[in-house]
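Results of the structural survey
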Amino acid sequence: MARILLVPDDALGWQELAVQLADCPGVTAVQLAADPATAAQLGVTWRPDLVVFGAGLLREQLDPALVGLVQQAPSVLLARALPAQLLGALLDAGLSLRGVLTWADLDRGAVPAVLALLTQSPLLVAGPLAAAQLAALWREQLGRPRLSPAEQRLLPLLAEWDLTYAAIAARLGVTPATVKARVRRLAHKLGVPPGRGAVVTAARRRGLLAS
């Protein structure tokens, strides 16, 4: 028998989801928390068997109350989509999740089956759309070269075309020769001919620089 705690973000559909979950076999109660602080209190007093929280709660600095709640109970992230920024936020937060779902994964017929998996399986559960998006992001991340912190600081400066190598060097506190050497290393990692323009174009194409 399961008690489920919902911690909503600003997405529509949480009330309807609460109703759907309450109708599922084995669900004894569903609570819809007003905010992470209230959810954290319910985590202690009500002791839910499963927590479902909205991905929008990861946009700003992560609420310590939410972190504590996720550490206490099996938790599921529910998102509209899974862009690379959200994946990065999840990795940075170090959250241990039982499941990752998108709203599109939760059609009415699938909710009972998904809920059964989430409450009974010790493995990470991802809905079909979430799994496909995670796989695509994983492939994208694997295809990206690993840049040093110095190279990461250099890239956006290279894209500022009004800055000369000397100006970039002054900002970074290095010599122009060091900047040029790092550009050559970046070109090698990105598989392009040496040169500032080629490096910037390749970095944007591979998602290392904003367009």
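A brief structural summary. Note that this is a predicted model, so its numbers are computed, not measured.

1. A short note on the pattern of salt bridges
- Summed over the entire model, instances satisfying the criterion amount to 5 salt bridges.
- For the salt bridge of R3 with D49, the shortest nitrogen-to-oxygen distance reads 4.0 Å. With a gap of 46 residues between them, R3 in strand β1 (residues 2–7) and D49 in the loop between α2 (36–45) and β3 (50–54) connect regions that are remote in the sequence.
- A relative accessible area of 30% means that R3 is categorised as partly exposed.
- For D49, a relative accessible area of 34% puts it in the partly exposed group.
- R80 is the salt-bridge partner of D10, the closest N and O atoms lying 3.6 Å from each other. Taken as a pair, D10 in the loop between β1 and α1 (14–22) and R80 in the loop between β4 (75–79) and α4 (84–93) lie far apart in primary sequence, 70 residues in all. Just as D10 is exposed, R80 falls in that class too.
- Salt bridges sharing partners connect three or more residues here, namely E151, R185 and K189.

2. Let's talk about the sheet that holds strand β5 (residues 99–102)
- A sheet is described by the order of its strands in space; here 6 strands give the open sequence β2-β1-β3-β4-β5-β6, paired in parallel fashion. Unpaired on one side and paired on the other, β2 (27–32) and β6 (125–126) mark the two borders of the sheet.
- Two elements, β5 and β6, share 2 bridges in a ladder whose sense is parallel. For G99, the partnering residue across the bridge sits in β6 and is V125.
- In the packing of helix α3 (residues 64–72) onto the sheet, contacts are made with β1, β3 and β4, and the angle to β3 comes to roughly 145 degrees.

3. A word on unusual backbone geometry
- For R47, which is not glycine, the phi torsion reads 55 degrees and is therefore positive.
- Summarising the element assignment, R47 is placed in the loop between α2 and β3.
- Take R47: its relative accessible area is 58%, and that puts it in the exposed class.

4. Describing the packing of α2 against α3
- In contact at an axis separation of 8 Å, α2 and α3 are set at 30 degrees when each is read in the N-to-C sense. In terms of orientation, α2 lies roughly parallel with respect to α3. Crossing angle aside, the handedness with which α2 passes α3 is left-handed. Seen from α2, the contacting residues are P36, A37, A39, A40, G43 and V44; seen from α3, they are A65, L66, L69 and Q72.

5. As for the environment of R146
- Tracing the chain through its elements places R146 in the loop between α6 (128–142) and α7 (149–158).
- Overall, R146 belongs to the exposed group, its relative accessible area being 76%.
- C-alpha separation for the pair R146 and L186, spaced 40 residues apart in sequence, amounts to 10.0 Å.
- Beyond its immediate chain neighbours, meaning those up to four positions away, R146 contacts E151 and K189.

6. Thoughts on the side chain of S75
- Tracing the chain through its elements places S75 in strand β4.
- You can call S75 buried: its relative accessible area is 0%.
- A polar side-chain atom of S75 sits 2.9 Å from the main-chain carbonyl oxygen of A73.
- In contact with S75, not counting residues within four places along its chain, are V51, F53, L69, V70, L97, R98 and G99.

7. Brief notes about the pairing of β1
- Where burial is concerned, most of β1 is hidden: 5 out of the 6 residues are buried.
- Here β1 runs beside β2; their pairing, made up of 5 bridges, is parallel. When the bridges of β2 are listed, R3 appears paired with A29.
- In this fold, β1 hands off to α1, which returns the chain to β2; that crossover is right-handed.

8. Re the nonpolar core
- Among the nonpolar cores identified, the biggest contains 25 residues, and L5, V7, F53, L58, L77, L95 and L97 are the most heavily contacted of them.
- Looking at this core, the element that brings in the most residues is α3, giving 3 residues.
- Judged by nonpolar contacts, the second largest core, of 21 residues, contains L6, V76, L78 and V111.

Here is what the cut-offs are and how they apply
- Residues numbered from 1 in each chain as written.
- Predicted model: local features only at pLDDT ≥ 70, side-chain atom pairs only at ≥ 80, totals over all residues.
- Heavy atoms only, no water.
- Salt bridge = Lys/Arg side-chain N within 4 Å of Asp/Glu carboxyl O.
- Helix = DSSP H or I, 4+ residues; strand = E, 2+ residues; numbered from the N terminus.
- Buried < 20%, exposed > 50% of the residue type's maximum accessible area, 1.4 Å probe, protein only.
- Pairing = 2+ DSSP bridges.
- Contact = heavy atoms within 4.5 Å.
- Axes fitted to C-alpha atoms, helices over the stretch in contact; angles between N-to-C directions.
- Parallel < 35°, antiparallel > 145°, perpendicular 65-115°, else oblique.
- Left-handed = near helix turned anticlockwise from the far one by under 90°.
- Polar contact = N/O pair within 3.5 Å; in protein donor to acceptor, adjacent residues only side chain to side chain.
- Right-handed = clockwise from strand over helix to strand, strands pointing away.
- Core = buried A, V, L, I, M, F, W, Y, C linked by side-chain atoms within 4.5 Å.

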